[in-house]
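Each chain, letter by letter, is given below.
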Amino acid sequence: MSVLFQTGKLHLPIRHFRNKFIKFQSLKCSSDAAKKFVVFDEVNALRRAQAQRSLVVQVSSESSFKELYGYCSKYATISDIHHYKNTSGEHFMLIEFENEENLTNILQQCSSHQKDLDVMPIQSPFLWFRAVVGSKESANSSKELAIKDGNCCVDEDLLLEELAKCETVSDQIMLLYQRTMLNDIGIRLRFMVARQMEMIFQSLYSNIVVQPFGSSVNGFGKMGCDLDLVLTNVLTKEMTSASRRLVYQDKKYEGRRTPWQRHLELIAHLLQLRAPGASRVQAILNARVPIVKYSHDLTDLDCDLCYNNTSGVYMSELLWLYGSVDARVRPLTFAVRRWARAVGITQPHPGRWVTNFPLTLMVLFFLQQTRSGGAILPSFKYLVNKSGREDIRIAEENLNCTFLRDLNKLPASAFGQNTDKLETLLFQFFEFYSQFDFQERAISINEGTSIRKPNASPLYIVNPLEQAMNVSRNVSYEECERLKLEIRNAAWHLETSLDNKKGDDWGLLGLIEKKTARGLKQLLRLGNLQRLVSVKDLFKDDENEPSTEGIKSKLQKFGKNKSTEKTDSDEKSEKVKFKNSQIAKEVFRIRRDKIL
Ligand code: GTP
Ligand code: MG
């Protein structure tokens, strides 16, 4: 089941995608455009329920499908089976049963443990399908796999080729979004990992909930993004009611470290020892939000697990909400995030640079600015003012996270009537920040206008839920300068590209990957032996005249050529020859652009 719920605001003149988005266009046309919005809690409850009736089963290949289906359907009713592979080339089937009873049933009747003294048995939703002894199960069903190889990311070269063929930059932005956004199975797997954690921790903690947050659920996630998990202790009013007179004894923690740090330490050990699939477990306990980092090899996910960080979940809800107000928000943010990665403003690991989360706030802030037809997004203050009793949420440390949750209640006046194309918005984004006074002003989505910077942080982006905090306080002066420079470069590139399209790096291509880098990648692509180029291959070994020179001396000659002045004829005779002209062209282009 696809859970793509949005409000119906779409104004994209995109031929390729018109059919896919016709649904949203017609929603916008209807008088109650926003009525189709499904609140964040409901979407997540659906996903949780889906995971509670699902199993992930390792199989030998996708052709195991019929046999697995035949075996399982003898005991339970199956809704769907999705196939995926991890990077180790192992095959898995994610089976969704019709209900939880089905799942309990099949686990009771069919599951077993390994009889091995080195293994302490554990129950989790991750299993494997044992080869049959004797005759195979026959499945006479017309049932097909819901998806094959569903977890693989888009082929980058193919994507770039497709982007080059687009007719407009708006088309490119939309294509990038469509091809790279987190898909259904990507989300399902994330909830399966959360479910597995929950099952394991439930043996130690009562009323525990593990839920994904961040880009896995906020609508801004791309395939392969990390999985942020939060573990919370849910105690309902009834559970703590004074009228219940039998109360569980608890273990009070006394020690130098905070209880959160101790619990996370314990959880790190548990993951290491007890969680199938978890590897490279690392507890980072002294951070502002202590986390346990680990890899989940069965699903190829990099996970960050924290304790009780409910404000992170509410923040994800806020981003989900903003992404749903207008159908241009997510594609635009994807383009900006992708550009930032390509020019090295964001990095895969944390440091003194900006990350995707503050970048997303920058996009939202830009869309809150007044333009023809009105601002595209309302300010956060507006959402707070429109909230009701049902929206009250208090996070850890008494943080007030109350804001309007249900966009169906947002008055039509809150939606601007702006119809700018995505390409115009992308260009204006860079233009807006080219002129923004980062020195004096802070970005605040609470106000929707900039405010005076409260301190000298190079980049100041107000945390909407904790207004005294700067979400980009880690960003150094140098990184902020680089951000400003790249923004100006991008604005310049788009300005020339929008008027004069279809060069090699036209439109989005020039922002997300230069043609030179593309050529290099293609040449050096690992794992493709026919196209793999070794340094040795770059130089011509003349078959007729065996060379007396080694690569080292040829490289030295390269250096010399650069540093000493030569006559044309000298250069000609000393020029290193390449095996074929394509490689030669590529190497010279690379040297020219100083990529190597
Ligand atoms: P990617 O992982 O880069 O795809 O993006 P992400 O949105 O998941 O960002 P990240 O993993 O860095 O953070 C996870 C989530 O934590 C964010 O989406 C926010 O919801 C939340 N978050 C991040 N920084 C802060 C912060 O400073 N304060 C609060 N309250 N929440 C934060
Ligand atoms: Mg994340």
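This one's a predicted model, so the numbers in the text were calculated from it and none came from an experiment.

Caption draft 1: Representation of the overall build of the chain in the model. A count of helices and strands for the chain gives 19 helices and 15 strands. Accessible area of the chain: about 31,500 Å², with a carbon and sulfur share of 50%.

Caption draft 2: Region of interest: the site of ligand 1. Taken together, the neighbourhood of ligand 1 is formed by 17 residues, with Ser215, Asp226, Asp228, Asn356 and Asn463 sitting nearest. For ligand 1, an oxygen atom lies 3.2 Å from a polar atom in the backbone of Gly312. A distance of 3.3 Å separates an oxygen atom of ligand 1 from a polar atom in the side chain of Ser316. Contact with the protein chains covers 81% of the free accessible surface of ligand 1, which is 610 Å². Listing elements by their share of the shell around ligand 1, those giving two or more residues are helix H9 (310-325) and helix H11 (356-367). If you tally residues by element for the shell around ligand 1, the top one is H9, at four residues. Classifying every residue of the shell around ligand 1 by side-chain character gives five nonpolar, eight polar and four charged.

Caption draft 3: Examining the coordination of the magnesium ion (ligand 2) more closely. Protein coordination at the magnesium ion (ligand 2) comes from Asp226 (OD) and Asp228 (OD), with a distance range of 2.2 Å. On the accessibility criterion, Asp228 (14% relative accessible area) is buried.

Caption draft 4: Spotlight on the pairing of strand S7 (residues 278-284). Both S7 and strand S8 (residues 291-296) contribute to a ladder of five bridges, which runs antiparallel. Bridge pairing in S8 links Gln282 to Lys293. Where S7 hands over to S8, the hairpin turn is made up of six residues, counted between the paired strands.

Caption draft 5: Here's a closer look at the environment of Val325. Structurally, Val325 can be placed in helix H9. Between the C-alpha atoms of Val325 and Phe37, which are 288 residues apart in sequence, the distance is 8.9 Å.

Caption draft 6: How the structure looks around the sheet that holds strand S1 (residues 54-59). Pairing is mixed in the open sheet, where four strands are placed in the order S2-S3-S1-S4. Either end of the sheet is taken by a strand with one partner, and the two such strands are strand S2 (78-85) and strand S4 (126-128). Direction aside, the axes of adjacent strands within the sheet are offset by 25° on average. When S2 meets strand S3 (residues 91-97), the two strands line up antiparallel, connected through seven bridges.

Caption draft 7: The arrangement of helix H8 (residues 259-274) in detail. The terminal C-alpha atoms of H8 lie 22 Å apart, and with 16 residues this matches the ideal 22 Å at 1.5 Å per residue to within 8%. Within the span of H8, buried status applies to Gln261, Leu264, Ile267, Ala268, Leu270 and Leu271. Tucked into the core, H8 has its buried residues touching helix H7 (184-201), strand S6 (227-233), S7, S8 and strand S9 (301-307).

Caption draft 8: Expanded view of the state of the cysteines. Following the criterion strictly, the structure yields zero disulfides and no others. Looking at Cys152, it has no disulfide partner, and the nearest cysteine sulfur is the one in Cys153, 7.1 Å off. The class for Cys152 is partly exposed, based on a relative accessible area of 46%.

How each quantity is defined
Here the residue index of a chain counts from 1 through its sequence in written order. The order in which chains are written sets their letters, starting at A; the order in which ligands are written sets their numbers, starting at 1. Given that this is a predicted model, residues contribute local features only at a pLDDT of at least 70 and side-chain atom pairs are listed and counted only at 80 or more, while totals for whole chains, interfaces and linings are drawn from all residues. Derived side-chain values reflect all non-hydrogen atoms in the structure, with water molecules and hydrogen atoms excluded from consideration. Elements are defined by DSSP. Helices are runs of H or I of four residues or more, strands are runs of E of two residues or more, and each kind is numbered from the N terminus. In this description, accessible areas are obtained by the Shrake-Rupley approach with a 1.4 Å probe, and a residue is regarded as covered only by the protein chains that are shown. A single heavy atom is enough: if one lies within 4 Å of a molecule or strand, its residue is considered near that molecule or strand. Polar contact is the term for a pair of N or O atoms within 3.5 Å; when the atoms are in protein, one must be able to donate a hydrogen and the other to accept it, and sequence-neighboring residues count only if both atoms are side-chain atoms. Basically, the charged four are Asp, Glu, Lys and Arg, the nonpolar ten are Ala, Val, Leu, Ile, Met, Phe, Trp, Tyr, Cys and Pro, and anything else, Gly included, counts as polar. Note: metal donors comprise N, O and S atoms at 2.8 Å or less from the metal (3.2 Å for Na, K and Ca); water molecules are not included, so apparent gaps in a site are possible. The rule is simple: take the accessible area with a 1.4 Å probe, protein chains only, and divide by the maximum for that residue type; under 20% is buried, over 50% is exposed, in between is partly exposed. In this scheme, strands are said to pair when DSSP sees at least two bridges between them. For helices, the fitted line uses only the C-alpha atoms of the stretch in contact; every axis is such a line through C-alpha atoms, and the angle between N-to-C directions lies from 0 to 180 degrees. In this analysis, the expected span of each helix is defined as 1.5 Å times one less than the number of residues it contains. Contacts: residue pairs with any heavy atoms within 4.5 Å of one another. The disulfide criterion used throughout: a pair of cysteine sulfur atoms within 2.5 Å.

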